[in-house]
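Listed below, chain by chain, are the residues.
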Amino acid sequence: MIDTKQWSEALLGKLQAHFGDHLVFAGIQGSRARGEACDESDIDFVAIFEMLDANIIRQYREIVATMERSDLACGFISSRAALAAWPRHELFQFVNDTKALHGSLLDIVETPTKNEARQAAAIGAASLYHAACHLCAFGSMQSPDSDYDATKALFKNAVFAMQAHCFAQGSNYPRSRTELERILENRGWNEEYDILRIGRDEEALRAHSVNKLCDMIISWSERIMTTYTESPRSLSSAKSAKPTMSKLRS
C-alpha cells in the first residue's frame, strides 16, 4: 500500500522545486487524510496557486505523472482568488476536511462558521433527497446490483451532511467516521447512526431492499432540510392555519 505521507511529501517537494512561491498551499483530503484508505483509494491532493491557467495545470499534470501510482492521483486545483471567492457553504467542508502540508487555507479564506455548517447540511440533504427519490422512481429494474451501488453512494455522501449537522448542533467537527460514530452515539441520534453503520457494511446494506434504503435517506434528509431551512411559504401557511378539529374540541 502507498505510504500517503511519503507520497504527498514527495509530490510537494517536486511542486515547490518547479513552481516555487507560486504554490501557496498544498494538502491532502479524503479517505487518506482521515486514515481510512484502502490500497486502491484515490489520493486527493489539493494544490492552490497564486494564479492558474491551462499552462500551469498542464505542468502540474506532468509532475503528478512522474509519481508512483499516479493513476490514483486526483484532487482539487485552484488559484488563490478563485478559492477566496468560492461559495461559503462548500468551503465549510473543504476547509475542515483538508489536512495541510504547506501553507494555511485560513490565509486564503475565513474560518468556517456554524451558519455555513447549517447551509452545508441543508444543501447536502437536498442533494441526497433528490438522488434517493430519483433512484427509487427510475432505478434499473434489470440490474439490482447497480441500484445497490447507487444506494451505497447515497449512504457514503450522507456522512458529509452529518458532519456539517454535528458541527451546526455544537459538536466539534468529526474528521473521521470513528469520531462521527462517537458523537452520534453520545447524542443518541439513532437515525444517523443507522445510516452510518449501514453505509460502512456491505452485508448490512444488502440486507435491506433498495426501496427501504431510499426511504431511510429520504426521511432523514427531509428532516435535516426542514431543520435548517425556513420557507417563507411554510411560515406564512403556519401563521394562517385554521384550528384543527382536536383544538376546536378542547
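See the structure printed just above.
Overview of the structure. (Residues numbered from 1 in each chain as written. Predicted model: local features only at pLDDT ≥ 70, side-chain atom pairs only at ≥ 80, totals over all residues. Heavy atoms only, no water.)

1. Details of the nonpolar core
No. 1: Ranked by internal contacts, the top residues of the largest apolar core, which has 39 residues, are Phe155, Ile195, Ile217 and Trp220.
No. 2: Residue assignment for this core shows that the elements contributing at least two residues are α6 (114–138), α7 (144–168), α8 (177–187), α9 (190–200), α10 (202–206) and α11 (210–228).
No. 3: The biggest single contributor to this core is α7, with eleven residues.
No. 4: Beyond its immediate chain neighbours, meaning those up to four positions away, Ile217 contacts Leu128, Ala132, Leu154, Phe155, Ala158 and Ile195. (Core = buried A, V, L, I, M, F, W, Y, C linked by side-chain atoms within 4.5 Å. Buried < 20%, exposed > 50% of the residue type's maximum accessible area, 1.4 Å probe, protein only. Helix = DSSP H or I, 4+ residues; strand = E, 2+ residues; numbered from the N terminus. Contact = heavy atoms within 4.5 Å.)

2. Quick word on the environment of Arg80
No. 1: Summarising the element assignment, Arg80 is placed in helix α4 (residues 80–84).
No. 2: The class of Arg80 is partly exposed, set by a relative accessible area of 29%.
No. 3: Separated by 58 residues in the primary sequence, Arg80 and Phe138 place their C-alpha atoms 41 Å from one another.
No. 4: When residues no more than four places from it in sequence are discounted, the contact partners of Arg80 are Val24, Ile48, Phe49, Glu50, Asp107 and Ile108.

3. Overview of the sheet that holds strand β3 (residues 73–79)
No. 1: Taken in spatial order, the four strands of this open sheet run β3-β2-β1-β4, and their pairing is mixed. Sheet topology places β3 and β4 (99–102) at the edges, where each strand pairs with a single neighbour. For this sheet, the mean angle separating the axes of adjacent strands, direction not counted, is 25°.
No. 2: Of the strands in this sheet, β1 (23–29), β2 (43–49), β3 and β4 are in contact with helix α5 (residues 88–97), which crosses β1 at around 80°. (Pairing = 2+ DSSP bridges. Axes fitted to C-alpha atoms, helices over the stretch in contact; angles between N-to-C directions.)

4. Focus: the state of the cysteines
No. 1: Counted by the stated rule, this structure contains zero disulfides.
No. 2: With no disulfide of its own, Cys133 lies 7.4 Å from the sulfur of Cys136, the closest cysteine sulfur.
No. 3: This cysteine, Cys136, is not joined by any disulfide, and Cys214 carries the nearest cysteine sulfur, 4.6 Å off.
No. 4: Overall, the relative accessible area of 37% leaves Cys136 in the partly exposed class. (Disulfide = S-S within 2.5 Å.)

5. Considering the packing of helix α1 (residues 4–19) against helix α3 (residues 54–64)
No. 1: Viewed as axis vectors pointing N to C, α1 and α3 meet at an angle of 140°, and their least axial separation amounts to 10 Å. What the angle tells us is that α1 and α3 run oblique. The interaxial crossing formed by α1 with α3 has right-handed handedness. On α3, the residues that touch Leu11, Lys14, Leu15, His18 and Phe19 of α1 are Ile56, Gln59, Tyr60, Ile63 and Val64.
No. 2: A breakdown of the residues in the contact of α1 with α3 according to their chemical character gives seven nonpolar, two polar and one charged. (Parallel < 35°, antiparallel > 145°, perpendicular 65-115°, else oblique. Left-handed = near helix turned anticlockwise from the far one by under 90°. Nonpolar A, V, L, I, M, F, W, Y, C, P; charged D, E, K, R; others polar.)

6. What about the packing of α6 against α11?
No. 1: The interhelical angle for the contact between α6 and α11, taken along N-to-C directions, is 150°, at an axis separation of 8 Å. Here α6 is positioned roughly antiparallel relative to α11, judged by the angle of their axes. Two packed elements cross with a definite hand, and for α6 against α11 that hand is left-handed. Contact residues: α6 offers Arg118, Ala121, Ala122, Ala125, Ala126, Leu128, Tyr129, Ala132, Cys133, Leu135 and Cys136, while α11 offers Val210, Asn211, Cys214, Ile217, Ile218, Trp220, Ser221, Glu222, Ile224, Met225 and Tyr228.
No. 2: Of the residues in the contact of α6 with α11, the class split is 18 nonpolar, two polar and two charged.

7. Considering the pairing of β2
The side chains of a regular strand alternate between the sheet's two faces.
No. 1: Along β2, seven of the seven residues are buried, which leaves the element largely enclosed by surrounding structure.
No. 2: Because side chains alternate across β2, one face comprises the buried residues Ile43, Phe45, Ala47 and Phe49, and the other comprises Asp44, Val46 and Ile48, equally buried.
No. 3: Taken together, the six bridges between β1 and β2 define a ladder with antiparallel strand orientation. Bridging from a neighbouring strand, Phe25 pairs with Ile48 of β2.
No. 4: Examined bridge by bridge, β2 and β3 share seven bridges and lie parallel to one another. Bridging from a neighbouring strand, Ala47 pairs with Ile77 of β3.
No. 5: Handedness of the crossover joining β2 and β3 through α3: right-handed. (Right-handed = clockwise from strand over helix to strand, strands pointing away.)

8. So, α11
No. 1: Over its 19 residues, α11 runs 27 Å from end to end, which matches the ideal 27 Å to within 8%, given 1.5 Å per residue.
No. 2: Buried within α11 are the following residues: Val210, Leu213, Cys214, Met216, Ile217, Ile218, Trp220, Ser221, Ile224 and Tyr228. (Expected span 1.5 Å × (residues − 1).)

9. Considering α3
Note on helix geometry: an α-helix contains 3.6 residues per turn, so any two residues three or four positions apart are oriented the same way.
No. 1: Burial in α3 covers these residues: Ile56, Gln59, Tyr60, Ile63 and Val64. Projected down its long axis, α3 carries its buried residues within an arc of 140°, all on one side. For α3, the exposed residues lying more than 90 degrees away from the buried face are Ala54 and Arg61.
No. 2: Elements in contact with the buried residues of α3: α1, β2 and β3.
No. 3: Measuring from the side-chain oxygen of the N-cap residue of α3 to the backbone nitrogen of Asn55 gives 3.1 Å; that N-cap residue is Asp53. (Arc of directions from axis to C-beta. Polar contact = N/O pair within 3.5 Å; in protein donor to acceptor, adjacent residues only side chain to side chain.)

Everything listed here is a matter of geometry and, on its own, says nothing about what the molecule does.
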